[in-house]
Amino acid sequence: MFDLEDFFNLSSDLFCIIGQDGFYQQVNPAWEQVLGWKPENLIGHLWLGLVHPDDITISHLPTEPQQQLQWDSRYLHKDGSYRWLCWSLSTSQKGLIYAVGKDISQQLRRIEALQTERESLYNLLNQLPAFLYLQPKDYGVGFYNQRFREVFGDPTGKRCYEAIAGLKQPCPECPTFRVFDSNTPQLWEWVDSKTDRVYQIYDYPFKDMNGQPMVVEMGLDITAVKKAESALRQREQELTQKNQQLQETLEQLQKTQAQLIQTEKMSSLGQLVAGIAHEINNPISFINGNITHAKEYIQQVLEILQLYQKEYPHPTPVIQEEIEAIELDFLIKDLQKLINSMQIGSDRIRNIVLSLRNFSRLDEAEMKAVDVHSGIDSTLMILQNRLKGKPDSCEIKIIKKYSQLPLIECYAGQLNQVFMNIITNAIDALEELYVNNQESSCNLQITIRTELLNSDWVAIEIADNGVGMSQEIQQRLFDPFFTTKVGKGTGLGMSISYQIVTEKHQGQLRCISSLGEGATFIIEIPIRQNKSIQPNLLLDNKEV
């Protein structure tokens, strides 16, 4: 049978019964747990006596029968501090007031912390050189940064096409809204007809907390770059008209100029990430720069301490007691380790900032038809120093099984980065195998095989006979920042590789592995990037 008295006494919420005169008649033990007041100290005391002075106006008790009230107010703790409580009160037919209070102080502190973090993020976004805003599907304007307001003014009450382009109705071919259909990022240029400014626009698909699709749009002013392009083209025409004899030299100059223009574009886009990384890098550089001085100062202090010990080998009993209490010898030994750990941590953060910038950088290099075998061979050449034998490790053999492949349309530099990441991981796995089992692990090898899957797709398989990996690691292999190389890797290499293969080349990247059996990475990409035919997965059933 339900026991109301147990419910009253065992509840973690504050229960109390108050008379019509506003004095406590009964309180439960939770008052002592939450506010430090014992029930016997409260009986007969006035309800408003513990309410914060600023909250008294909202804390009046109900006066009508069966009247119900609810509010949040601060209540005095026995230690002199105040706690936020959420109160629910109701009156009985006899005029007694039943009140239930719940401590919400911790919830309010969490909310305040989240608000602080949100303000810090907004401040960071407001420092970007590019305008940024959230685009919902209803043509409204969500969050926007300070640069957006500077470029377009206050968008309050306006649709996006009104605030940005000054139009009366949506543009039927708006690249931003194509992101809602494709769910893939868009990179394009836009000319503001009102100011003739040219912007490099980057749209990225995004979902809000309710799962509603939105687009994050960033726009960087590249007007100066465009004017430089126009001036260069005009100069080229003038040179061509004036002197036909310089045609060959001029053609070479045009290629060089195009590369410079491309570099300028990439530099402009890189400023977006550089601005964010700069905010992190400055304090880390400050810490890193001062650690050296800290080491020097600490060493000087320790030398003085040792000199004191030498000159005064018999300290007073008080000093001797304090030396033993703080374990001075241990403290001296551990202090240098502590400083070294701080140095390692500082270097680690700086490396992560650098990797983050590389991970976020956009590559606009032209897609070309290339020989992937040449890219693989170039990668192996760069890694040759790690492949050859050393006094503390065996040589790693490379076995090539190349098939006859056509030229592949791809971003050659990015694809080479994928080869570099996968082969480097394979070398790490083989070196780990050698370290763990030197006597029987000198047959280290990496097998690279290429295959024409069908008329539209090719496959590149990179396999090693290293330590392999568990299913748990494979499931997180392509997650950003996931790494098994504690203190060595940044966890971005395989994530970048997956992004390059799947997003930039519309392909697939898979891993087949098990512990102790090595690992095989399979890259499948279309021969021509306009092909949407799925590959014939000939490698699915192969044993590793």
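Let me sum up the structure you'll find in this document. (Residues numbered from 1 in each chain as written. Predicted model: local features only at pLDDT ≥ 70, side-chain atom pairs only at ≥ 80, totals over all residues. Heavy atoms only, no water.)

**Describing the overall build of the protein chain**
So, point 1. A tally of regular secondary structure across the protein chain gives 16 helices and 16 strands.
So, point 2. Across the 544 residues of the protein chain, 36% fall into the buried class.
So, point 3. Counting contacts in the protein chain only where the partners sit at least 6 residues apart, residues at least 24 apart contribute 56% of the total.
So, point 4. Accessible area for the protein chain stands at about 33,100 Å²; split by element, carbon and sulfur atoms hold 53% of it. (Helix = DSSP H or I, 4+ residues; strand = E, 2+ residues; numbered from the N terminus. Buried < 20%, exposed > 50% of the residue type's maximum accessible area, 1.4 Å probe, protein only. Contact = heavy atoms within 4.5 Å. Areas by Shrake-Rupley, 256 points an atom, 1.4 Å probe, with all protein chains shown as cover.)

**A short note on a nonpolar patch on the surface**
So, point 1. On the surface, a nonpolar cluster with roughly 470 Å² of combined accessible area is contributed by Ile304, Leu307, Tyr308 and Tyr312.
So, point 2. Looking at the element boundaries, Leu307 is found in helix H9 (residues 247-311). (Patch = residues over 30% accessible without salt bridge, like charges linked within 9 Å, V, L, I, M, F, W, Y side chains within 5 Å. Salt bridge = Lys/Arg side-chain N within 4 Å of Asp/Glu carboxyl O.)

**A word on the nonpolar core**
So, point 1. Formed by 40 residues in total, the largest nonpolar core has its most connected members in Ile422, Ile423, Ile446, Ile462, Leu509, Phe521 and Ile523.
So, point 2. Considering every element that reaches this core, the biggest residue donor is helix H14 (residues 412-436), with 9 residues.
So, point 3. In this view, Ile523 contacts Val418, Phe419, Ile422, Val458, Ala459, Ile460, Val501, Gln508 and Leu509; residues no more than four positions away in its chain are not counted.
So, point 4. Core analysis: the next-biggest nonpolar cluster, separate from the first, contains 22 residues, Trp31, Trp47, Val51 and Leu89 among them. (Core = buried A, V, L, I, M, F, W, Y, C linked by side-chain atoms within 4.5 Å.)

**Some words on helix H12 (residues 372-382)**
One turn of an α-helix holds 3.6 residues; hence residues three or four places apart share an orientation.
So, point 1. Here H12 has its buried residues at Val372, His373, Gly375, Ile376, Thr379 and Leu380. One face of H12 carries all of its buried residues, which in axial projection span an arc of 160°. Summarising the geometry of H12, the exposed residues directed more than 90 degrees from the buried face are Met381 and Ile382.
So, point 2. Measuring from the side-chain oxygen of the N-cap residue of H12 to the backbone nitrogen of His373 gives 3.0 Å; that N-cap residue is Asp371. (Arc of directions from axis to C-beta. Polar contact = N/O pair within 3.5 Å; in protein donor to acceptor, adjacent residues only side chain to side chain.)

**What to know about the sheet that holds strand S16 (residues 519-526)**
So, point 1. An order of S11-S13-S14-S16-S15 is seen for the 5 strands of this open sheet, with the pairing classed as mixed. The open sheet terminates on both sides in strands that have one partner only, identified here as strand S11 (396-401) and strand S15 (508-513). When strand polarity is set aside, the average angle formed by the axes of neighbouring strands in this sheet is 15°.
So, point 2. Contacting S11, strand S13 (444-452) and strand S14 (457-464), H12 runs over the sheet at an angle of about 165° to S13.
So, point 3. Those strands touched by helix H16 (residues 493-504) are S15 and S16, and its axis lies near 135° from that of S15. (Pairing = 2+ DSSP bridges. Axes fitted to C-alpha atoms, helices over the stretch in contact; angles between N-to-C directions.)

**Quick look at H16**
So, point 1. Helix length check: H16, at 12 residues, gives a terminal C-alpha distance of 16 Å against a target of 16 Å (1.5 Å per residue), a fit within 8%.
So, point 2. Burial in H16 covers these residues: Met494, Ser495, Ile496, Ser497, Ile500, Val501 and Thr502.
So, point 3. Directly beyond the C-terminal end of H16, a positive phi value near 55° is found at Gln506. (Expected span 1.5 Å × (residues − 1).)

**Notes on the packing of aromatic side chains**
So, point 1. According to the stated counting rule, one finds 25 aromatic pairs in the structure shown.
So, point 2. With a centroid separation of 5.0 Å and an interplanar angle of 70°, the aromatic rings of Trp47 and Trp87 are classed as edge-to-face. Taken together, the positions of Trp47 in the loop between helix H3 (39-42) and strand S3 (68-76) and Trp87 in strand S4 (residues 82-91) put the pair 40 residues apart, joining distant regions of the chain.
So, point 3. Overall, the relative accessible area of 0% leaves Trp87 in the buried class.
So, point 4. Between Phe131 and Tyr199, the ring centres sit 5.5 Å apart and the planes meet at 70°, which makes this aromatic pair edge-to-face. Of this pair, Phe131 sits in strand S6 (residues 131-136) while Tyr199 sits in strand S8 (residues 197-207), and the two are 68 residues apart along the sequence. (Phe/Tyr/Trp six-rings, centres within 6.5 Å; stacked < 30°, edge-to-face > 60°.)

**Brief notes about the pairing of S6**
So, point 1. Among the 6 residues of S6, 6 are classified as buried, and the element is accordingly described as predominantly covered.
So, point 2. Residues Phe131, Tyr133 and Gln135 line one face of S6 and the alternating positions Leu132, Leu134 and Pro136 line the opposite face, and both faces are buried.
So, point 3. Two strands pair when backbone bridges link them, and S6 and strand S9 (residues 213-221) are joined in this way by 6 bridges, in the antiparallel orientation. Paired with Phe131 across the two strands is Gly219, which belongs to S9.

**Structural notes on unusual backbone geometry**
So, point 1. Residues other than glycine seldom take positive phi values, yet Glu327 does so here, at roughly 55°.
So, point 2. Summarising the element assignment, Glu327 is placed in the loop between helix H10 (317-326) and helix H11 (328-360).
So, point 3. A residue is classified by how much of its surface remains accessible, and Glu327, at 47% relative accessible area, is partly exposed.
So, point 4. Notably, Gln506 is not glycine yet its phi reads approximately 55°, a positive angle.
So, point 5. With respect to the helices, strands and loops of the structure, Gln506 is situated in the loop between H16 and S15.

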